[in-house]
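Reading the structure
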Amino acid sequence: MRAFIAGLPKAELHLHIEGTLEPELLFAMARRNGHALRSESIEALRAAYAFDDLQSFLDIYYEGAAVLRTEEDFYELTRAYLERAHAETVRHVEISFDPQTHTDRGVPFGTVIDGISAALDWGREELGMSCGLILSFLRHLPEEAAMATLEAALPYRDRIVAVGLDSSEQGHPPRDFVRVFERARAEGFRVVAHAGEEGPPDYIWQALDLLGAERIDHGVRALEDAKLVERLRTEQIPLTICPLSNVLLKVFPEMAAHNLPELIAAGLVVTINSDDPAYFGGYVNANYASIADALGLDRSQLAELAAASFRASFLPDADKRAHLDELAAYVKASP
Ligand code: HPA
Ligand code: ZN
């Protein structure tokens with residue numbers, strides 16, 4: 001099964017670039033940027049990666065991201081992720097980035113996006129991957145700050161496919177961001193939003209009805225609301241599920257308790273993703289392997305999840321078809 005997963009063509013749609021910052025690179029950047037860290041060693045830093053919930057993770061994640069200062073830092077971070085994704089037969093990625101995490105520390109928006117974009121161009125040229133960029137607003141900050149971020153992004157409009165919403169979910173409902181998403185849609189951005197990870201199903205309704213989300217990040221709590229499940233099923237609105245993240249952040253007590261089989265059985269479009277792989281113990285193939293092991297998913301179910309990842313992407317239809325054809329040929333040729 002590991003070998004089957006390793007060669008399975010797939011797309012990754014829920015991935016925070018700041019969440020791919022491995023401790024080794026984090027330490028190297030801290031050293032060269034003269035940034036003091038609380039942890040004395042890479043081992044001590046890794047040992048601190050034990051989380052009780054989303055907020056306890058976010059505190060460490062934002063602290064780690066503070067080592068990123070220069071365009072070169074963002075380039076190196078993004079290139080390292082693309083190399084790993086390519087080695088895991090990821091054909092297409094839609095990468096989220098959190099500009100406010102950096103602009104609030106005085107790093108210009110242009111520095112962030114120029115570094116990331118240069119790496120994406122490298123990935124397109126050298127690895128033959130296709131890449132999209134999703135600008136994610138931090139929901140623990142006010143809507144005015146999100147609006148200022150959107151305005152800062154407009155000169156880079158052609159490099160960004162969608163806007164999203166992430167960070168602390170509880171107490172920060174999508175309804176607080178209606179105007180900024182309305183403006184983003186008017187500017188032609190596609191829309192995704194984190195909802196129903198820790199927050200209630202009502203936040204998923206709000207993401208759909210008030211923000212115009214075309215895809216829901218996480219969304220695992222949808223199952224608590226039968227009407228919502230019906231809506232997601234009839235409109236085939238994709239969920240980007242991150243199994244290792246959900247277990248590490250205690251959304252589920254263990255992988256065997258994950259509700260992925262119920263989401264699939266309900267006829268929902270579900271995809272498998274790594275979220276913040278440097279913090280959650282594995283990249284996308286480890287996520288596929290963990291659900292195969294703990295939930296007993298077979299090859300055809302894993303292939304269907306990979307197919308859904310292409311269908312749920314923002315790729316043009318012709319590209320989706322080409323990826324689905326490659327996937328079908330791979331499955332057919334697999335012993
Ligand atoms: N949820 C919310 N915000 C985030 C996450 C997540 O899983 N990862 C990085 N920022
Ligand atoms: Zn996420």
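Please refer to the structure placed before this passage.
All of the points below concern the structure found in this document. (Residues numbered from 1 in each chain as written. Chains lettered and ligands numbered in written order. Predicted model: local features only at pLDDT ≥ 70, side-chain atom pairs only at ≥ 80, totals over all residues. Heavy atoms only, no water.)

Side note on the state of the cysteines
- For the structure on display, the rule yields 0 disulfides.
- For Cys-131, which is in no disulfide, the shortest distance to another cysteine sulfur is to Cys-242 and amounts to 18 Å. (Disulfide = S-S within 2.5 Å.)

Re the layout of surface pockets
- Quantified by volume, the largest pocket comes out at close to 390 Å³.
- If you go around the largest pocket, you meet 22 residues; those closest to its centre are Gln-236, Pro-238, Val-269, Val-270 and Ala-308.
- Looking at the lining of the largest pocket, the element that brings in the most residues is helix H16 (residues 299-311), giving 6 residues.
- Split by residue class, the lining of the largest pocket holds 12 nonpolar, 4 polar and 6 charged. (1 Å grid on protein atoms, 1.4 Å probe; cavity = no way out; pocket = protein on both sides within 12 Å on 5 of 7 lines; lining within 4 Å. Points joined across faces, edges and corners; volume = space filled by probe spheres on them. Helix = DSSP H or I, 4+ residues; strand = E, 2+ residues; numbered from the N terminus. Nonpolar A, V, L, I, M, F, W, Y, C, P; charged D, E, K, R; others polar.)

Quick look at the pairing of strand E5 (residues 190-195)
- Among the 6 residues in E5, 5 count as buried, and that is most of the element.
- By the bridge criterion, 2 bridges tie strand E4 (residues 162-166) to E5 in an arrangement that is parallel. Considered in E5, the bridge of Val-163 is made with Val-191.
- Tracing the backbone out of E4, into helix H9 (residues 178-186) and back to the parallel element E5 gives a crossover that is right-handed.
- One ladder, built from 4 bridges, connects E5 with strand E6 (residues 215-218); its direction is parallel. Across the sheet, residue Ala-195 finds its bridge partner in E6, namely His-218.
- Between the parallel elements E5 and E6, the chain passes through helix H10 (residues 201-209) in a crossover that is right-handed. (Buried < 20%, exposed > 50% of the residue type's maximum accessible area, 1.4 Å probe, protein only. Pairing = 2+ DSSP bridges. Right-handed = clockwise from strand over helix to strand, strands pointing away.)

Describing the packing of helix H2 (residues 23-33) against helix H5 (residues 71-87)
- Here H2 crosses H5 at 170°, and the two axes come no closer than 12 Å. By the angle class used here, H2 and H5 are roughly antiparallel. Along the contact surface, H2 presents Leu-25, Met-29, Arg-32 and Asn-33, while H5 presents Glu-72, Asp-73, Glu-76 and Leu-77.
- When its residues are assigned to classes, the contact of H2 with H5 shows 3 nonpolar, 1 polar and 4 charged. (Axes fitted to C-alpha atoms, helices over the stretch in contact; angles between N-to-C directions. Parallel < 35°, antiparallel > 145°, perpendicular 65-115°, else oblique. Contact = heavy atoms within 4.5 Å.)

Quick look at the site of ligand 1
- Taken together, His-16, Leu-54, Phe-57, Leu-58, Tyr-61, Asp-166, Ser-167, His-194, Glu-197, His-218, Asp-275 and Asp-276 form the complete shell of residues around ligand 1.
- Here Asp-276 contributes a side-chain N or O atom positioned 2.7 Å from a nitrogen atom of ligand 1.
- Protein chains bury 100% of the 260 Å² of accessible surface belonging to ligand 1 in isolation.
- Of all the cavities here, the one that holds ligand 1 is the largest cavity. (Near = heavy atom within 4 Å. Polar contact = N/O pair within 3.5 Å; in protein donor to acceptor, adjacent residues only side chain to side chain. Areas by Shrake-Rupley, 256 points an atom, 1.4 Å probe, with all protein chains shown as cover. Sits in = over half its atoms within 2 Å of the grid points.)

Some thoughts on the coordination of the zinc ion (ligand 2)
- In the first shell of the zinc ion (ligand 2), the protein supplies His-14 (NE2), His-16 (NE2), His-194 (NE2) and Asp-275 (OD), at 2.0 to 2.2 Å from the metal.
- The site at the zinc ion (ligand 2) holds 4 donor atoms, and with the angles between them running 82 to 174°, its shape is irregular.
- Mapping the donors of the zinc ion (ligand 2) onto the primary sequence gives the spacing H-x1-H-x177-H-x80-D. On the criterion of sequence distance, the pair formed by His-16 in strand E1 (residues 10-16) and Asp-275 in the loop between strand E8 (270-272) and helix H14 (277-280) is long-range, its members being 259 residues apart. Both residues of the pair, His-16 and Asp-275, belong to the buried class. (Donors = N, O, S within 2.8 Å, 3.2 Å for Na, K, Ca; no water. Tetrahedral: all angles 85-135°; square planar, octahedral: opposite > 155°, others 65-115°.)

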